[in-house]
Amino acid sequence: MFKRILIANRGEIALRIIRCAREMDIETVVVYSTADKDSLPVMGANYAVCIGPESPAKSYLNQDAIIETALRMECDAIHPGYGFLSENAEFASKCEEHNITFIGPSSELISKMGDKQEARKLMMENGVRVVPGSKEIIKSLKEAKEVAKEIGYPVLIKASAGGGGRGMRKVFEEKDLAKMFKMAKAEAKAAFANDDMYIEKLVINPRHIEVQILADKYGNVVSLGERDCSIQKNNQKMLEESPACGLSDEKRREISDMAILAGKVSGYNSVGTCEFILDKDENFYFIEMNTRIQVEHPVTEAVSDVDLIRQQIRVAAGLKLDIKNEDVELRGHAIEFRICAKTPGVIKNLHIPSGFGVRIETHLYNGYEITPFYDPMIAKVIVRGRSRLEVIRRLRRVLEEMVIDGVETNVAFLHQLTYHPDFLKGSYDTGFYEKEHSKIESWIGEVLTLSKDA
Ligand code: ADP
């Protein structure tokens, strides 16, 4: 097992990794930017090294400074967390060159899965259902027209190197194709320095269902069930839950088996997530594989009782998975809400709730300054219970109890969201936020009662 690992991240996930490492008797070195000098990860790690100014490009994305620190501090491995360098094949490869273990899949796998059209092709050839669409990179507008006509409008133009919803354009009619193709290509080129495009059938307001997989270097792949992440604002997930509502056991098993197959055919060897979209008729299609730990991983931990960071570190160290598919027992229900700051500011009067079935992951403390340089997520509330209704009541109680002064947050919005009839029924898709958010916002300040639920 590793003796000392470097954590190339910040905020709640850096803290999450430090806590896990302590339980595994592994020392931690955290790298940080000047903006984070007074942060909890810096205080909590065994060693902390400032690697640059607040700009992510000069600190958390500064590959050479991170590698140099890992070598100087004699770290055996680097944990990238999520975001930043977590899906950067070049960085993983630099780690490999310096004999530092990258806690994630091999650089080869990251680039294979990061090239979405390549991944699509691999999946298609091996029986994993993908969204109908192009089989190769689209080379010209003429070809784009032919493919779109063949699969039928509406279509979605996507960047093969895409991420975070960028380089994507919906096209409803042929007359808009040329313009959208050009725009998506330009956006992809600017964001990813790569304008390879492909085309998929646009599924209207699908559900976003993803499966957590765990794999080791010996070909074992385990599924820990699905998460429904359909409530999204501009392609950013807002809440996640497991199990997904209203799926038959048979459908659930099919999706899970498909994710295991995706893991096997790609030779996957770390924790990862297979993302699928589910249409109105419950047809599901693979869209991509995320080759890292995800923000929403605690939802799966809550229902499976498996520590995913621990498993990720173990398999990176070359150990075999100590869990088999037949041992996986998923129990009860869990929902995660992402708490975000809408403004920078200094935290005051902080009260973080706790109690039965509640887990809160946060790096906040009284006096902590939220700067504008990084992701606005400041806490994750993960609640579990025997039933979904029990979880929803518990979530309301937690959000009512929570006090975060000094910055504006989305706590009141999330609280009122729990009263929305469709959310209560578990009947929502990726169109939910866009359609319902103004109604929910108009409820802020109103006292909604349980009797309004039904
Ligand atoms: P990114 O890596 O940029 O997040 P994804 O391929 O994961 O891109 O797609 C982002 C979101 O767009 C998905 O969560 C899903 O909600 C939606 N989406 C992706 N593909 C389709 C599709 N073919 N039809 C409808 N919605 C889609």
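For clarity, every value in this text was computed on a predicted model and none was experimentally measured. (Residues numbered from 1 in each chain as written. Predicted model: local features only at pLDDT ≥ 70, side-chain atom pairs only at ≥ 80, totals over all residues. Heavy atoms only, no water.)

Our next topic: the overall build of the protein. When helices and strands are tallied, the protein shows 15 helices and 22 strands. Its C-alpha radius of gyration of 22 Å places the protein within 12% of the 22 Å reference for a compact globule of 454 residues. Dimensions of the protein, computed from the C-alpha atoms along their principal axes, are close to 60 × 60 × 45 Å. The buried share among the 454 residues of the protein stands at 57%. Across the protein, contacts joining residues at least 24 apart in sequence account for 65% of those joining residues at least 6 apart. Looking at the protein as shown, the accessible area adds up to about 19,300 Å², and 49% of this sits on carbon and sulfur atoms. Put simply, the protein has 62 plus and 69 minus side-chain charges, and the middle of one group is 2 Å from the middle of the other. (Helix = DSSP H or I, 4+ residues; strand = E, 2+ residues; numbered from the N terminus. Rg over C-alpha atoms; globule rule 2.2 N^0.38 Å. Buried < 20%, exposed > 50% of the residue type's maximum accessible area, 1.4 Å probe, protein only. Contact = heavy atoms within 4.5 Å. Areas by Shrake-Rupley, 256 points an atom, 1.4 Å probe, with all protein chains shown as cover. Lys, Arg positive; Asp, Glu negative; His and termini not counted. Charge placed at Lys NZ, Arg CZ, Asp CG, Glu CD.)

With that settled, the discussion passes to the environment of G272. Position of G272 relative to the elements: it lies in strand β14 (residues 271-278). Note: C-alpha distance between G272 and R384 (112 residues apart in sequence) is 22 Å. Excluding residues within four positions of it along the chain, G272 makes contact with V211, Q212, I213, N290 and R292.

Turning our eyes to something else, we now look at unusual backbone geometry. Residue Y153 is joined to P154 through a cis peptide bond whose omega torsion reads -5°. As for its position among the elements, P154 is in the loop between α7 (141-151) and β6 (155-159). A cis amide bond links S242 to the next residue, P243, at an omega of -5°. For P243, the position within the fold is in the loop between β13 (239-242) and α9 (249-266). In this model, F84 sits at a positive phi of 35°, which is unusual for a non-glycine residue. F84 gets classed as partly exposed once you look at its relative accessible area, which sits at 28%.

Moving on to the sheet that holds strand β1 (residues 4-7). In spatial order, the strands read β3-β2-β1-β4-β5; together these 5 strands make up an open sheet with parallel pairing. Edge strands, defined here as strands with exactly one partner in the open sheet, are β3 (47-52) and β5 (101-102). Bridge analysis of β1 against strand β2 (residues 27-33) gives 4 bridges, and the strand direction is parallel. Paired with L6 across the two strands is V29, which belongs to β2. The sheet contacts of helix α1 (residues 11-23) involve β1, β2 and β4 (77-79), and relative to β1 the element is tilted by about 170°. (Pairing = 2+ DSSP bridges. Axes fitted to C-alpha atoms, helices over the stretch in contact; angles between N-to-C directions.)

Within this numbering scheme, the UniProt entry marks residues 1-438 as carrying the feature "domain: Biotin carboxylation" (unreviewed entry). Between the first and last C-alpha atoms of residues 1-438 the distance is 51 Å; the span itself is 34% helix and 25% strand. (UniProt positions renumbered as here; feature names shortened; annotations may be inferred.)

With that settled, the discussion passes to the site of the ligand. Lining the immediate surroundings of the ligand are 21 residues, of which G165, E200, V203, H208 and E288 lie closest. Within the side chain of E200, an N or O atom sits 2.9 Å from a nitrogen atom of the ligand. In this structure, a nitrogen atom belonging to the ligand sits 2.9 Å away from a main-chain N or O atom of K201. Taken together, the elements giving at least two residues each to the shell around the ligand come down to β6, β8 (197-201), β14 and β15 (284-290). (Near = heavy atom within 4 Å. Polar contact = N/O pair within 3.5 Å; in protein donor to acceptor, adjacent residues only side chain to side chain.)

Picture the strands of a sheet paired through backbone hydrogen bonds; they go either parallel or antiparallel. The strand order across the open sheet formed by 3 strands is β7-β6-β8, and the pairing between neighbours is antiparallel. Since the sheet does not close on itself, it has two edges, and those belong to β7 (169-171) and β8, each with one partner. On average, each strand axis in the sheet is inclined to that of its neighbour by 25°, with strand direction left out of account. Relative to β8, β6 runs antiparallel, the two being bridged by 5 bridges. In the sheet register, K158 faces β8, and the bridge partner there is Y198. Against the sheet, α7 touches β6 and β8, its axis set at about 15° to β8.

F337, I339, V381 and I404 are the most contacted members of the largest nonpolar core, which totals 39 residues. Elements supplying a minimum of two residues to this core: β16 (333-340), β19 (358-362), β21 (377-385), α12 (388-401), α13 (411-417), α14 (421-425) and α15 (432-443). By residue number, the principal contributor to this core is α12, which donates 5 residues. Leaving out residues up to four positions away in the same chain, F337 has contacts with M238, L239, A379, K380, V381, L395, L399, L414, L417, T418 and F423. (Core = buried A, V, L, I, M, F, W, Y, C linked by side-chain atoms within 4.5 Å.)

Running from N to C, α1 and helix α11 (residues 308-316) point in directions that differ by 70°, and their axes come no closer than 9 Å. With respect to α11, the element α1 is oriented roughly perpendicular. In terms of crossing hand, the pair formed by α1 and α11 is right-handed. Judged by residue contacts, I13, R16, I17 and C20 of α1 engage L308, I309, R310 and I313 from α11. (Parallel < 35°, antiparallel > 145°, perpendicular 65-115°, else oblique. Left-handed = near helix turned anticlockwise from the far one by under 90°.)

As a further point, take the UniProt feature "domain: ATP-grasp" (unreviewed entry) in the protein. Here the UniProt-annotated "domain: ATP-grasp" (unreviewed entry) positions come out as residues 120-317. The annotated region residues 120-317 carries 34% helix and 27% strand content, and the separation between its end C-alpha atoms amounts to 29 Å.

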